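# Structural overview for review
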Amino acid sequence: MKRALYIILFLVWYLISLLPLWILYGMSDFLYIIAYGLWGYRKKLVRKHLAECFPEKSEDERRKIEREYYHWFCDYIVETLKLLTISKDNIKRRIRFENTDRVKRSFDEGRNVALYLGHYCNWEWVSSIPLHFEDYQDKVFFGQIYHKLENEAMDQVFLKLRGRMGAVSIPMAETLRKVVDIRRQKKHWIIGFIADQVPMWNNIHLWLDFLHHDTPVFTGAERISRKFDSDVYYIDVRRERRGYYVARFVLMAEHASNSAESELTLEYFRLLEKSIRRQPAFYLWTHNRWKRTHEEYNIRYDAETGRVDMGDLEEIKRRKGIV
């Protein structure tokens with residue numbers, strides 16, 4: 001049954017993906033009318049996020065960002081559909097990478113590369129990075145960390161499209177084991193970490209200020225970068241116009257092991273916020289990024305054991321005598 005569902009989903013996705021982008025963008029315009037005008041998909045959440053993240057902007061300015069966001073979000077959907085069949089030459093024209101020579105220097109000097117990126121602009125198209133390092137295909141492993149989707153058929157389709165340009169998807173829980181395996185093969189690696197995910201309660205390692213929010217973060221990317229003394233880059237993406245992006249490799253640290261604890265994580269979120277403030281419509285505002293609060297974390301945290309209770313919140317409050 002699961003295999004049949006995957007085949008059906010793949011065929012439908014594949015056939016839609018064969019359409020030229022100008023038709024897909026027409027579909028995106030229609031989808032915008034439905035998602036924003038008729039359905040109002042997560043509109044309350046988006047408005048809440050924009051009001052809290054940009055209190056200095058007027059209501060009219062935030063509404064403009066809101067409309068631009070939904071237009072872009074619908075474009076992101078059809079652009080992701082297109083990734084299943086888009087040609088390598090076409091995607092190389094549509095997302096250009098700047099400062100690649102600096103990354104190549106990291107490889108030439110014998111170091112691995114960790115890439116920080118966020119849910120900003122089209123992060124799926126960033127998987128085309130291997131196309132810009134053709135001379136390093138035999139010497140470097142190109143990977144990207146991902147969270148497995150609950151729907152197995154959809155997960156398999158996403159693995160297929162994310163790997164079309166040569167990048168290998170690595171489940172988050174297998175990251176360390178995979179990196180060690182790559183080192184045994186005497187290869188260098190370049191691995192992308194989408195580091196603005198919402199961590200589970202027991203994976204919250206740090207709280208920091210991000211877009212006027214006390215934000216919980218997972219520091220796994222930093223720990224791996226420091227452990228293997230990699231060079232660390234942030235991918236600063238901007239949208240030039242519809243269907244065209246520019247991604248620049250910004251060096252955050254050379255020899256990550258020399259960086260102080262939390263330094264890389266703090267710098268990443270500073271750079272990501274800078275990108276968002278430059279073009280605020282292209283962040284994933286429909287994602288409930290701040291659903292975990294510091295107040296609830298403190299209730300769940302047990303100072304004696306150093307562990308976080310993942311159980312029912314009301315039961316935890318009852319045991320601790322919290323009204």
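Scroll up for the structure.
First, a word on what this report is: a plain description of the structure on this page.

### A word on the packing of aromatic side chains
On inspection of all chains with the given rule, the structure shows 34 aromatic pairs. An angle of 20° between the planes, with centres 5.7 Å apart, marks the rings of Tyr 69 and Phe 73 as stacked. A residue pair is termed a helical-turn pair when its members lie 3 or 4 positions apart in one helix, as Tyr 69 and Phe 73 do in helix α4 (residues 59-82) at four residues. Accessibility expressed as a relative area gives 0% for Tyr 69, which makes it buried. With a centroid separation of 6.2 Å and an interplanar angle of 55°, the aromatic rings of Trp 72 and Phe 282 are classed as tilted. Of this pair, Trp 72 sits in helix α4 while Phe 282 sits in the loop between α10 (263-278) and α11 (294-300), placing them 210 residues apart in sequence. Phe 282 matches Trp 72 in its accessibility class, with the two residues each being buried. Connected via pairs of aromatic rings, a cluster forms that spans Tyr 32, Tyr 36, Trp 39, Tyr 41, Tyr 69, Tyr 70, Trp 72, Phe 73, Tyr 76, Trp 123 and Phe 282. Its guanidinium or amino end placed over the ring of Tyr 136, Lys 139 lies 4.7 Å from that ring's centre, counting from NZ or CZ. Directly above the aromatic system of Tyr 244 lies the positively charged group of Arg 241, at a separation of 3.9 Å from the ring centroid.

### Describing the pattern of salt bridges
Scanning the model with the defined rule gives 31 salt bridges in all. A salt bridge links Lys 48 to Glu 52; the shortest N-O distance between them is 3.1 Å. Separated by four residues within a single helix, Lys 48 and Glu 52 lie in helix α3 (residues 43-53), roughly one turn from each other. The exposure class assigned to Glu 52 is partly exposed, which follows from its relative accessible area of 31%. For Arg 177, the salt bridge is made with Glu 174, and the minimal N-O distance between the two is 3.3 Å. When salt bridges with common partners are traced through the structure, they connect Arg 102, Arg 105, Glu 109, Arg 111, Asp 231 and Glu 254 into a single cluster.

### Quick look at the state of the cysteines
Under the defined criterion, the tally for this structure stands at zero disulfides. Sulfur of Cys 74: no disulfide; nearest cysteine sulfur belongs to Cys 121 and is 16 Å away. A relative accessible area of 1% places Cys 74 in the buried class.

### With respect to the sheet that holds strand β1 (residues 95-98)
Spatially, seven strands are ordered β1-β9-β8-β2-β5-β3-β4 in an open sheet, and the strand pairing comes out mixed. This sheet does not close on itself; its edge strands, each paired only once, are β1 and β4 (168-171). Averaged over all pairs of adjacent strands, the angle between strand axes in this sheet comes to 30°, irrespective of strand direction. Where strand β3 (residues 140-146) and strand β5 (residues 188-194) come together, five bridges link them in parallel fashion. Of the residues in β5, the one forming a bridge with Gln 144 is Gly 192. Its contacts with the sheet place α10 against β2 (113-117), β8 (231-241) and β9 (244-253), and it is angled at close to 5° to β8.

### A word on the nonpolar core
Ile 129 and Trp 285 are the most contacted members of the largest nonpolar core, which totals 88 residues. With eight residues, the top contributor of residues to this core is α4. Apart from the residues within four sequence positions on either side, Ile 129 is in contact with Phe 97, Leu 115, Phe 142, Ile 190, Ile 235 and Phe 249. Listed in part, the five residues of the second largest apolar core include Trp 201, Trp 207, Tyr 297 and Val 308.

### Things to note about the packing of helix α9 (residues 220-227) against α10
Closest axis-to-axis distance for the α9/α10 pair is 8 Å, and the angle between their directions is 130°. By the angle between their directions, the pair α9 and α10 is classed as oblique. In the packing of α9 onto α10, the handedness of the crossing is right-handed. Here Glu 222, Ser 225 and Arg 226 of α9 come into contact with α10, specifically with Glu 263, Leu 264 and Thr 265. Taken together, the residues that form the contact of α9 with α10 break down as one nonpolar, two polar and three charged.

Scoring rules and cut-offs
- Residues numbered from 1 in each chain as written.
- Predicted model: local features only at pLDDT ≥ 70, side-chain atom pairs only at ≥ 80, totals over all residues.
- Heavy atoms only, no water.
- Phe/Tyr/Trp six-rings, centres within 6.5 Å; stacked < 30°, edge-to-face > 60°.
- Helix = DSSP H or I, 4+ residues; strand = E, 2+ residues; numbered from the N terminus.
- Buried < 20%, exposed > 50% of the residue type's maximum accessible area, 1.4 Å probe, protein only.
- Lys NZ or Arg CZ within 6 Å of the ring centre and 35° of its normal.
- Salt bridge = Lys/Arg side-chain N within 4 Å of Asp/Glu carboxyl O.
- Disulfide = S-S within 2.5 Å.
- Pairing = 2+ DSSP bridges.
- Axes fitted to C-alpha atoms, helices over the stretch in contact; angles between N-to-C directions.
- Contact = heavy atoms within 4.5 Å.
- Core = buried A, V, L, I, M, F, W, Y, C linked by side-chain atoms within 4.5 Å.
- Parallel < 35°, antiparallel > 145°, perpendicular 65-115°, else oblique.
- Left-handed = near helix turned anticlockwise from the far one by under 90°.
- Nonpolar A, V, L, I, M, F, W, Y, C, P; charged D, E, K, R; others polar.

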